[in-house]
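Examination of the molecular architecture
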Amino acid sequence: MPKLQLHTKIVIGLILGAIFGAIFAINPNKVELNYKDSSEQIENWQEFTYLKKDSVVKTFYHDDQLAIVKYYKNLKDKKDVKLKIKLADGTEKVFENVVSVEKIKSIGVWFKPIGDIFVRLLNMIAVPLVLASLIVGAASLTDLKHVAKIGGKTLGFYALTAVMAITIGLLCVNFIQPGHIMDQSAKDRLLDTYQDDAKSRIEQNVSMNIVEFLVNIVPKNPFKAIADGDFLQIVFFAILTGIFLMQIPKAKSEPVINFFSGISDAMIVLVEKIMIIAPYAVFTLIAATVAEFGFSILKTLMWYSLTVVLGLLILTFIEYPLLLKVFTKIKFRDFIRAQRQVLAVAFSTSSSAATLPVTMDVCEKRLGVPNKIASFVLPLGTTVNMDGTALYQAVATVFIAQVFGFELNLTQQLTIVLTAALAAVGTAPVPGVGLLMLIIVLKSVGVPEEGIALIIGVDRFLDMCRTVPNVLADSLACVVIASSEGELGKIKPDAEYDGAM
Ligand code: ASP
């Protein structure tokens, strides 16, 4: 039998994972009530009511499993709480001294720890890689003028693609109007079910005062920035360090640059080894996501989800090929082919940061981007360039406005272009942060922040989808900039990339 290449194995892992997860999906009509020394399973409830001192605090209905579990987890003073459950046959029973309410784990999620280890390993690499490669990247761009030129081109290109992405999102959401298609009862249910979850995110109080935002990019302590994984601060520190390494005598700068260059190379070799487990990890991650996903909510939010996905597809299959054609000679088919692993890792981890080591390796080995450009443009892009997230934030804002009956005029829609572009810059390249930063865009046009309760349920799925163009846009910028500098090598979409194999 011919030996399968790594990317083929990853795709097989992805497909089999989805099938496995669907077969062993968690039963959405069953929960486990755990007591101190025992547990019992409850099936097919009609109503699930939380009581405190015998008065009702919250009632959930038959397909609210996720909300029931989350609500109990976030409850304070659990010992005062009783559960009154009305079963499908109409009988009612009260339960006391419940320690936790859990979904019943299926075999679909058993192997997830393998996927978690994979994601943690990639995340472990991301911070040292961004730091080291940006220092080396900035230091290798001959002089300050060169850094300014490449940096300016990079940021300019990122701004252009972000504005285009948001415009696509706005066109899709204004054309389809998913918020107007949704019926009142679905709106009320979603707002009621997810209001606590939404509140806890709003309480994180993200603010987008532009001055404050810019001031916060400067780290008070770079080591704290590294420890906290604050990518914008790390990028700022690394670029400055790289630039000023060029200004001191070579005898002093060379050992430092060699040191960081060694770290960066070691991280890349490490990622090639880590990728050996990618097919299995992707299998477990996708299986767990599918097994845990509440498909009924996807049905409720079908038009909204379709609008986001349609926008992302236009971004990926119309905007990116166009830009590729205008700025380079690379065929889109080869560009995508070269990045098979990148796409699978981005989709299954929902993290641009975790995908960065793979993207860097692929850009250099397959897309013909020289190291000095890849190591500058990619870490910067991973941090600031999030086209998929920006598009999603624009769609979500207008969707929530439509649901609440707000008509957004042209000025407000232009405000969305600006704030979504900035919110995407401020979004950390890790799962779920795009939803948090959405609050800023909502605030900017006066749409109620509580509206995020409407869309939380499908965020995991849309996060996977938006992370793919987030990452693709970084590689796109890489080839565009390398090409504009006349430094783009030959593209080798099938170059061996099997790590240690
Ligand atoms: N998960 C996204 C990324 O890492 C960020 C987001 O939109 O939440 O690119």
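Residues numbered from 1 in each chain as written. Predicted model: local features only at pLDDT ≥ 70, side-chain atom pairs only at ≥ 80, totals over all residues. Heavy atoms only, no water.

Contact pair helix α18 (residues 371–384) / helix α23 (residues 459–484): the axes reach a minimum separation of 9 Å and the direction vectors enclose 145 degrees. Of the two elements, α18 crosses α23, and the hand of that crossing is right-handed. In this structure, α18 uses Ile-373, Ala-374, Val-377, Leu-378, Gly-381 and Thr-382 to contact α23, whose residues at the interface are Asp-474, Ser-475, Ala-477, Cys-478, Ile-481 and Ala-482. Looking at the contact of α18 with α23, its residues break down into eight nonpolar, three polar and one charged. (Axes fitted to C-alpha atoms, helices over the stretch in contact; angles between N-to-C directions. Helix = DSSP H or I, 4+ residues; strand = E, 2+ residues; numbered from the N terminus. Left-handed = near helix turned anticlockwise from the far one by under 90°. Contact = heavy atoms within 4.5 Å. Nonpolar A, V, L, I, M, F, W, Y, C, P; charged D, E, K, R; others polar.)

Counting residues in hydrophobic clusters, the biggest one holds 142 residues, and the most contacted among them are Phe-118, Tyr-304, Phe-335, Phe-376 and Ile-455. Among the elements that line this core, the one with the most residues is helix α4 (residues 112–139), at 15 residues. Each residue touching Ile-455, except ones within four places of it in the same chain, is listed here: Leu-301, Tyr-304, Tyr-392, Ala-396, Phe-399, Ile-400, Leu-435 and Leu-438. Core analysis: the next-biggest nonpolar cluster, separate from the first, contains 20 residues, Trp-45, Phe-48, Ala-67 and Leu-75 among them. (Core = buried A, V, L, I, M, F, W, Y, C linked by side-chain atoms within 4.5 Å. Buried < 20%, exposed > 50% of the residue type's maximum accessible area, 1.4 Å probe, protein only.)

All right, on to α4 then. With 28 residues, α4 extends 40 Å between its outermost C-alpha atoms, agreeing within 8% with the 40 Å of an ideal straight helix rising 1.5 Å per residue. The largest bend along α4 measures about 30 degrees and falls at Leu-129. (Expected span 1.5 Å × (residues − 1). Bend = angle between axes of the 7 residues up to and from the residue.)

Right, let's talk about the site of the ligand for a bit. Neighbouring the ligand are 17 residues, the closest being Ser-352, Thr-389, Gly-434, Asp-463 and Arg-466. Here a nitrogen atom of the ligand sits 2.8 Å away from a polar atom, N or O, in the main chain of Ser-350. Within the backbone of Gly-432, one N or O atom sits 3.4 Å away from an oxygen atom of the ligand. Out of a free accessible area of 270 Å², the ligand has 100% covered by protein chains. Within the residue set of the shell around the ligand, elements represented by two or more residues are α21 (433–444) and α23. (Near = heavy atom within 4 Å. Polar contact = N/O pair within 3.5 Å; in protein donor to acceptor, adjacent residues only side chain to side chain. Areas by Shrake-Rupley, 256 points an atom, 1.4 Å probe, with all protein chains shown as cover.)

Time to look at the sheet that holds strand β2 (residues 39–43). Pairing in this open sheet of three strands is antiparallel, and the strands run β2-β1-β7 from one edge to the other. The open sheet has two edge strands with one neighbour each: β2 and β7 (100–103). Within this sheet the neighbouring strands show an average axis-to-axis angle of 30 degrees, counted without direction. Direction of pairing for strand β1 (residues 30–34) relative to β7: antiparallel, over a ladder of four bridges. Across the sheet, residue Glu-32 finds its bridge partner in β7, namely Glu-102. The sheet contacts of helix α2 (residues 65–74) involve β1 and β7, and relative to β7 the element is tilted by about 150 degrees. (Pairing = 2+ DSSP bridges.)

This paragraph deals with the packing of aromatic side chains. What the rule picks out here adds up to 14 aromatic pairs. Both rings, one in Phe-332 and one in Phe-335, keep their centres 6.2 Å apart while their planes meet at 35 degrees; by these two values the pair is tilted. With Phe-332 and Phe-335 both in helix α15 (residues 332–338) and three residues apart, this pair spans about one turn of that helix. The class for Phe-335 is buried, based on a relative accessible area of 0%. In textbook terms, an aromatic cluster arises when at least three aromatic residues are bridged by ring pairs, as seen for Trp-45, Phe-48, Tyr-50, Phe-60, Tyr-71 and Tyr-72. The ring of Tyr-392 has Arg-466 lying over it, and the distance from NZ or CZ to the ring centre is 4.0 Å. (Phe/Tyr/Trp six-rings, centres within 6.5 Å; stacked < 30°, edge-to-face > 60°. Lys NZ or Arg CZ within 6 Å of the ring centre and 35° of its normal.)

The N-to-C vectors of helix α19 (residues 387–403) and helix α20 (residues 410–426) enclose an angle of 135 degrees; their axes lie 9 Å apart at closest approach. On the basis of the axis angle, α19 is oblique to α20. Remark: the crossing between α19 and α20 carries right-handed chirality. Judged by residue contacts, Ala-390, Gln-393, Ala-394, Thr-397 and Val-398 of α19 engage Gln-413, Ile-416, Ala-420, Ala-423 and Ala-424 from α20. The residue makeup of the contact of α19 with α20, split by class, is seven nonpolar, three polar and no charged. (Parallel < 35°, antiparallel > 145°, perpendicular 65-115°, else oblique.)

So, about the side chain of Gln-393. By the element assignment, Gln-393 lies in helix α19. Residues contacting Gln-393, with those up to four places away along its chain left out, are Ala-420, Ala-423, Ala-424, Thr-427, Gly-434, Met-437, Leu-438 and Val-441.

A word on the pairing of strand β3 (residues 45–52). Within a regular beta strand, the side chains point alternately toward one face of the sheet and then the other, so they alternate between its two faces. Looking at chain direction, β3 and strand β5 (residues 81–87) are connected through seven bridges and run antiparallel. Residue Thr-49 lies in a different strand from β5, and its bridge partner there is Lys-84. The pairing of β3 with strand β4 (residues 55–61) spans six bridges and is antiparallel. Looking at the pairing, Thr-49 lines up with Thr-59 of β4. Counting the residues between successive antiparallel strands, the hairpin from β3 to β4 contains two residues, one of them, Lys-53, with a positive phi of roughly 45 degrees.

Our next topic: the confidence of the model for the chain. Predicted confidence across the chain gives a mean pLDDT of 88, with 97% of residues reaching 70 or more. Taken element by element, the chain is modelled with least confidence in helix α13 (residues 295–300), mean pLDDT 76, and with most confidence in helix α14 (residues 302–327), mean pLDDT 96. (pLDDT = per-residue confidence, 0-100.)

What follows deals with helix α11 (residues 250–274). Counted at 1.5 Å a residue, the expected span for α11 with its 25 residues is 36 Å, and the 35 Å between its end C-alpha atoms agrees. Within α11 the residues assigned to the buried category are Ser-253, Ile-257, Phe-260, Ser-264, Met-267, Ile-268, Val-271, Glu-272 and Ile-274. In this structure, the buried residues of α11 make contact with α4, α10 (231–245), α12 (278–292) and α17 (352–365).

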